[in-house]
Amino acid sequence: MTLVAITGTPGTGKTSIAGELRSRGCTVVDLSQHIRDNGLRGDFDAERDTYEVDLDDLNDSLDMYRTDDVVYMEGHLSHFMDCSMIVVLRCHPDVLAQRLKSRGYSDAKVGENVQSEVLDVILCESTESDIPVYEVDCTGDDIAYCADAIQGIVSGDGEDRIPGSVDWSLEMDKWF
Ligand SMILES: Nc1ncnc2c1ncn2[C@@H]1O[C@H](COP(=O)(O)OP(=O)(O)OP(=O)(O)O)[C@@H](O)[C@H]1O
Ligand SMILES: [Mg+2]
């Protein structure tokens, strides 16, 4: 099985890079759409502005993609699924703040997401299992470069992209 999770803080580029991978002929499951299509949406959580999802049900629903082929899945829950590897997309806090502001997010929502990026929240969640984890810095404008990096990891070329290869700790003071 080669099911590859593409995860990351909102705005790091999951959906953009998924589009690039699809244009290269790859199969990429959009987890939000998959959740809607398979009736896996639970109650609406107003505080978190998102629907609750039972992670075990979501995991079971992905069995059809656990084949010998390479299948990518993108979304902020993907790293909680049983998969072959996890790629965490990263983005420099200043650039991430700009991207989220231009989406119309409130200052509070921008700040919360940028803090989460600075603190490696998704990376830490990802490294809680034994599944291999990689990081790709998607700060630059080059979505093709990011897609190349992910395909490189899948072909065994991920040694420079292990956890810790991206480090925003010097940005901490600015955001806390
Ligand atoms: N590598 C990149 N270089 C420059 N801009 C990018 C890059 N990747 C994404 N963007 C821009 O950043 C914004 C956010 O990207 P995208 O929607 O792909 O993020 P996401 O991780 O899917 O977020 P969410 O978790 O909210 O779905 C978009 O406006 C996109 O054009
Ligand atoms: Mg997205």
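Going by the structure above, here's the rest.
Residues numbered from 1 in each chain as written. Chains lettered and ligands numbered in written order. Predicted model: local features only at pLDDT ≥ 70, side-chain atom pairs only at ≥ 80, totals over all residues.

**A short note on the environment of leucine 119**
Here is step 1 of the chain: The residue leucine 119 is located in the loop between α5 (107-118) and α6 (121-126) in this model.
Here is step 2 of the chain: Separated by 80 residues in the primary sequence, leucine 119 and glycine 39 place their C-alpha atoms 33 Å from one another. (Helix = DSSP H or I, 4+ residues; strand = E, 2+ residues; numbered from the N terminus.)

**Digging into the environment of cysteine 26**
Here is step 1 of the chain: Mapped onto the elements of the fold, cysteine 26 is located in the loop between α1 (14-23) and β2 (27-30).
Here is step 2 of the chain: On a C-alpha basis, the gap between cysteine 26 and aspartate 69 in space is 9.9 Å, while along the polypeptide they are 43 residues apart.
Here is step 3 of the chain: In this structure, cysteine 26 is in contact with Leu21, Val70 and Tyr72, ignoring residues within four places of it in sequence. (Contact = placed C-beta atoms within 7 Å.)

**Describing the packing of α1 against helix α7 (residues 143-154)**
Here is step 1 of the chain: At a minimum axis distance of 9 Å, the contact between α1 and α7 shows a crossing angle of 75°. With respect to each other, α1 and α7 are oriented roughly perpendicular. Side by side, α1 and α7 meet where Ser16, Ile17, Glu20 and Leu21 of the first sit next to Ile143, Ala144, Cys146, Ala147 and Ile150 of the second.
Here is step 2 of the chain: Counted by class, the contact of α1 with α7 contains seven nonpolar, one polar and one charged residues. (Axes fitted to C-alpha atoms, helices over the stretch in contact; angles between N-to-C directions. Parallel < 35°, antiparallel > 145°, perpendicular 65-115°, else oblique. Nonpolar A, V, L, I, M, F, W, Y, C, P; charged D, E, K, R; others polar.)

**Points about the site of ligand 1**
Here is step 1 of the chain: Around ligand 1 there are 15 residues in total, and Pro10, Gly13, Lys14, Thr15 and Ser16 lie nearest to it.
Here is step 2 of the chain: Every element with two or more residues in the shell around ligand 1 is listed here: α1 and α7.
Here is step 3 of the chain: Of the residues in the shell around ligand 1, the class split is four nonpolar, eight polar and three charged. (Near = placed C-beta within 6 Å.)

**Concerning unusual backbone geometry**
Here is step 1 of the chain: Backbone geometry at aspartate 49 places phi at a positive 55°, although glycine is not the residue there.
Here is step 2 of the chain: Mapped onto the elements of the fold, aspartate 49 is located in the loop between β3 (41-45) and β4 (50-53).
Here is step 3 of the chain: We note that aspartate 120 has phi near 60°; this positive angle belongs to a residue other than glycine.
Here is step 4 of the chain: Assignment of secondary structure puts aspartate 120 in the loop between α5 and α6.

**Focus on the sheet that holds strand β1 (residues 2-8)**
Here is step 1 of the chain: Reading across the sheet, the five strands line up as β2-β5-β1-β6-β7 and stay open at both edges, with parallel pairing between neighbours. Each edge of the sheet is formed by a strand with only one pairing partner; in this case those strands are β2 and β7 (133-137). Each neighbouring strand pair of the sheet contributes to a mean axis angle of 25°, computed without reference to strand direction.
Here is step 2 of the chain: With four bridges connecting them, β2 and strand β5 (residues 70-74) associate as parallel partners. In the strand pairing of β5, aspartate 30 is matched with glutamate 74.
Here is step 3 of the chain: Lying over the sheet, α7 contacts β1, β5, β6 (85-90) and β7, oriented at roughly 160° with respect to β7. (Pairing = 2+ DSSP bridges.)

**With respect to the pairing of β1**
Here is step 1 of the chain: The element β1 is extensively covered by neighbouring structure, given that six of its seven residues are classed as buried.
Here is step 2 of the chain: Alignment of β1 against β6, held across five bridges, turns out to be parallel. Bridge pairing links glycine 8 to leucine 89 in β6. (Buried ≥ 20, exposed ≤ 12 C-beta atoms within 10 Å, placed from the backbone.)

**Some thoughts on the environment of serine 169**
Here is step 1 of the chain: Note that serine 169 resides in the loop between α7 and α8 (172-175).
Here is step 2 of the chain: Separated by 50 residues in the primary sequence, serine 169 and leucine 119 have C-alpha atoms spaced 7.7 Å apart.

**Structural notes on α5**
Here is step 1 of the chain: In this model, α5 (12 residues) spans 16 Å end to end at C-alpha, consistent with the 16 Å of a helix rising 1.5 Å per residue.
Here is step 2 of the chain: Turning to α5, its buried residues number three or more, namely Asn113, Val114, Glu117 and Val118. Burial along α5 is one-sided: seen end-on, the buried residues are contained in an arc of 140°.
Here is step 3 of the chain: Against the buried residues of α5 lie α4 (93-102) and α8. (Expected span 1.5 Å × (residues − 1). Arc of directions from axis to C-beta.)

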